Amino acid sequence: MRTHRTATALLAAGALVLAAGCSSSGGKEAEESKERGGGGVVADTPRMKVAMVTHSGEGDTFWDIVQKGAKVAAKKDNVEFLYAANKEGKEQAQLVQTYIDQKVDGIVVTLAKPEAVRDVVKKAVAAGIPVVTINSGGEFSRAFGALTHIGQDESVAGEAVGEELNARGKKKAVCVIHEQGNVSLEARCAGVKKTFKGSVENLNVEGTNMPASTSTIQAKLQATGDVDAVVTLGAPFAAASVQAKKGAKASAEINTFDLNADVVKQLKAGEVGFAVDQQPYLQGYLAVDELWLNKVNRNVIGGGKPVLTGPALIRQKDAEALAELTADGTR
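Below or above, wherever it landed, is the structure these notes cover. Being a predicted model, the structure only gives us computed values, none of them experimental.

**Comments concerning the sheet that holds strand 3 (residues 106-110)**
Adjacent strands of a sheet form backbone hydrogen bonds with each other and so pair up, either parallel or antiparallel.
Next up, step 1: Pairing is parallel in the open sheet, where six strands are placed in the order 2-1-3-4-5-11. Each having just a single partner strand, strand 2 (79-85) and strand 11 (307-308) make up the two edges of the open sheet.

See the structure below:
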């Protein structure tokens, strides 16, 4: 069948381009390579409409990278890509319902507040709309009827951070949670506590108010002089913590989950000790590609098991190689 051959060929093309990175040939080809996508080849399969609904708050650069990957896959797969977000679970569920009403061909959704979106995700599946979950709440994905979950195991990622803190000789850490009730963020801090031989205290901050978050972290560092490690759970909060450390005249090492251009600069400068990369570009790209492949070829990436995109620990020595990619917004 033609669509089967097209699916196989284009998936292989996409993988080759992702592996190859930037082109050295210049001109139009070099510009296209910055999209890290399908080399200008567009599927001749019927037009699809895929919607993504996440729990992103305003100003969270992580989701810009997720969307970038999703849009490149959508362009390759002849897919119209729609995006909406709300950090509140109830509103996120309403957005999913809107896309069910529009009869989209597939839905990508995060499960940061799983109980809030459970019923509407099951409703989408019952209506014949395939669902892929990404980023958060992977342990709930299968029970809700999703095809698969794409992201990192948050508990495992937290455990890796705890082990790295041990290797660095740290004794007392603060884990900064920027969205209360987000099961993935709580799992990260719990993972740190599980493997870290020192003590860990969670610190809740107002994630959508960066000045307030900075002030809260600074106050904690001033009040607790023996904290020697701060772990933030999103790249923008690494910068806030670096600023807070300076304001408090503290010596704690700042470490973070997730990458962006600023974090790479901070790694190079020694202002951040290490970062946990879960490859958000892949989460967006693979989610859209999975829905397309399932439609045209009945594929299920991972055979229904979670597809892991992380964690990988990025240290100062790794930062230079990632500088161009983070500047392009793909890492």
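There is more to say after this.
**Observations concerning unusual backbone geometry**
Next up, step 1: A cis amide bond links Gly-310 to the next residue, Pro-311, at an omega of 10°.
Next up, step 2: Within the element layout of this structure, Pro-311 appears in the loop between strand 11 and strand 12 (312-315).
Next up, step 3: Positive phi is not limited to glycine here, since Lys-249 has a value of about 55°.
Next up, step 4: Among the structural elements, Lys-249 can be located in the loop between helix 10 (235-248) and strand 9 (253-257).
Next up, step 5: Residue classification places Lys-249 among the exposed positions, given a relative accessible area of 78%.

**Examining the state of the cysteines**
Next up, step 1: Applying the stated criterion across every chain, the model contains one disulfide.
Next up, step 2: The disulfide partner of Cys-175 is Cys-189, and the S-S distance across this bridge is 2.0 Å. Between Cys-175 and Cys-189 the sulfur-sulfur dihedral comes to about -85°; the bridge is accordingly left-handed. In this pair, Cys-175 sits in strand 6 (residues 172-177) while Cys-189 sits in helix 8 (residues 183-195), placing the two residues 14 residues apart along the sequence. The exposure classification of Cys-175 matches that of Cys-189, with both residues buried.

**Topic: the environment of Ala-238**
Next up, step 1: The topology assignment puts Ala-238 in helix 10.
Next up, step 2: The class of Ala-238 is buried, set by a relative accessible area of 0%.
Next up, step 3: It is 7.0 Å that separates the C-alpha atoms of Ala-238 and Val-263, two residues lying 25 residues apart in sequence.
Next up, step 4: When neighbours within four sequence positions are excluded, Ala-238 is seen to be in contact with Thr-232, Ile-254, Thr-256, Val-263, Gln-266 and Val-272.

**Digging into the sheet that holds strand 8 (residues 229-232)**
Next up, step 1: Strand order in the open sheet formed by six strands is 7-6-8-9-10-12, with mixed pairing between adjacent strands. Looking at the sheet topology across the chains shown, the edges are occupied by strand 7 (199-204) and strand 12. Each strand of the sheet is rotated relative to its neighbour by a mean of 20°, with strand direction disregarded.
Next up, step 2: Relative to the sheet, helix 11 (residues 261-269) contacts strand 9, strand 10 (274-277) and strand 12, its axis offset from that of strand 10 by approximately 145°.

The rules behind the values
Residues numbered from 1 in each chain as written. Predicted model: local features only at pLDDT ≥ 70, side-chain atom pairs only at ≥ 80, totals over all residues. Heavy atoms only, no water. Pairing = 2+ DSSP bridges. Helix = DSSP H or I, 4+ residues; strand = E, 2+ residues; numbered from the N terminus. Buried < 20%, exposed > 50% of the residue type's maximum accessible area, 1.4 Å probe, protein only. Disulfide = S-S within 2.5 Å. Contact = heavy atoms within 4.5 Å. Axes fitted to C-alpha atoms, helices over the stretch in contact; angles between N-to-C directions.

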